[in-house]
Amino acid sequence: MQDYSLPRTGDTPLKFRGELIVEQAFTSAFILECYLDSNDQLQAGDSVIRATIGLYRTEDGGFIYHVHGRYAPSLWPKYATGRLETAKEHRRSLRHLERL
């Protein structure tokens, strides 16, 4: 077990003691004909999102889901979000994912 402080955009960091169960990084491309860059100039081309999703088990038996990522080019700011679920909520989420 170790102490974590995970960033969340527009919120306080999510602080807890626990362990990382699994973490997955991925990259996905969005096909865009054009977009406005950070200088409000019209550009053509695709955008790519790079994100990391993690699942943690807390010391008291709960679960933390956390995702953070960024877009390239920087169409939107970096983001991070996370939430705590009880073991019961976690099982319900997994059943929902299995049906999908």
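Residues numbered from 1 in each chain as written. Predicted model: local features only at pLDDT ≥ 70, side-chain atom pairs only at ≥ 80, totals over all residues. Heavy atoms only, no water.

(A) Layout of the nonpolar core. Within the largest apolar cluster, six residues are counted, these being Tyr 4, Leu 6, Leu 14, Phe 16, Tyr 56 and Ile 64. Those elements giving two or more residues to this core turn out to be β1 (2-6) and β2 (14-30). Not counting residues within four places of it along the chain, the set of residues in contact with Phe 16 comprises Gln 2, Asp 3, Tyr 4, Leu 6, Tyr 56, Thr 58 and Ile 64. (Core = buried A, V, L, I, M, F, W, Y, C linked by side-chain atoms within 4.5 Å. Buried < 20%, exposed > 50% of the residue type's maximum accessible area, 1.4 Å probe, protein only. Helix = DSSP H or I, 4+ residues; strand = E, 2+ residues; numbered from the N terminus. Contact = heavy atoms within 4.5 Å.)

(B) Inspection of the pattern of salt bridges at higher detail. Inspection of every chain in the model, using the stated rule, returns four salt bridges. Its salt-bridge partner being Arg 8, residue Asp 11 comes within 3.7 Å of it at the nearest N-O pair. Each of Asp 3, Arg 17 and Glu 59 takes part in one network of salt bridges that share partners. (Salt bridge = Lys/Arg side-chain N within 4 Å of Asp/Glu carboxyl O.)

(C) The arrangement of the packing of aromatic side chains in detail. The final tally for this structure, using the stated rule, is three aromatic pairs. Ring centres of Tyr 4 and Phe 16 lie 5.2 Å apart, and the angle between their planes is 20 degrees; on these two criteria the pair is classed as stacked. With Tyr 4 in strand β1 and Phe 16 in strand β2, this residue pair connects regions lying twelve residues apart in the sequence. For Phe 16, a relative accessible area of 11% puts it in the buried group. Ring geometry for Tyr 4 versus Tyr 56: centroids 4.9 Å apart, planes at 70 degrees, classification edge-to-face. Taken as a pair, Tyr 4 in strand β1 and Tyr 56 in strand β5 (residues 47-58) lie far apart in primary sequence, 52 residues in all. Residue class for Tyr 4 comes out buried when judged on its relative accessible area of 16%. (Phe/Tyr/Trp six-rings, centres within 6.5 Å; stacked < 30°, edge-to-face > 60°.)

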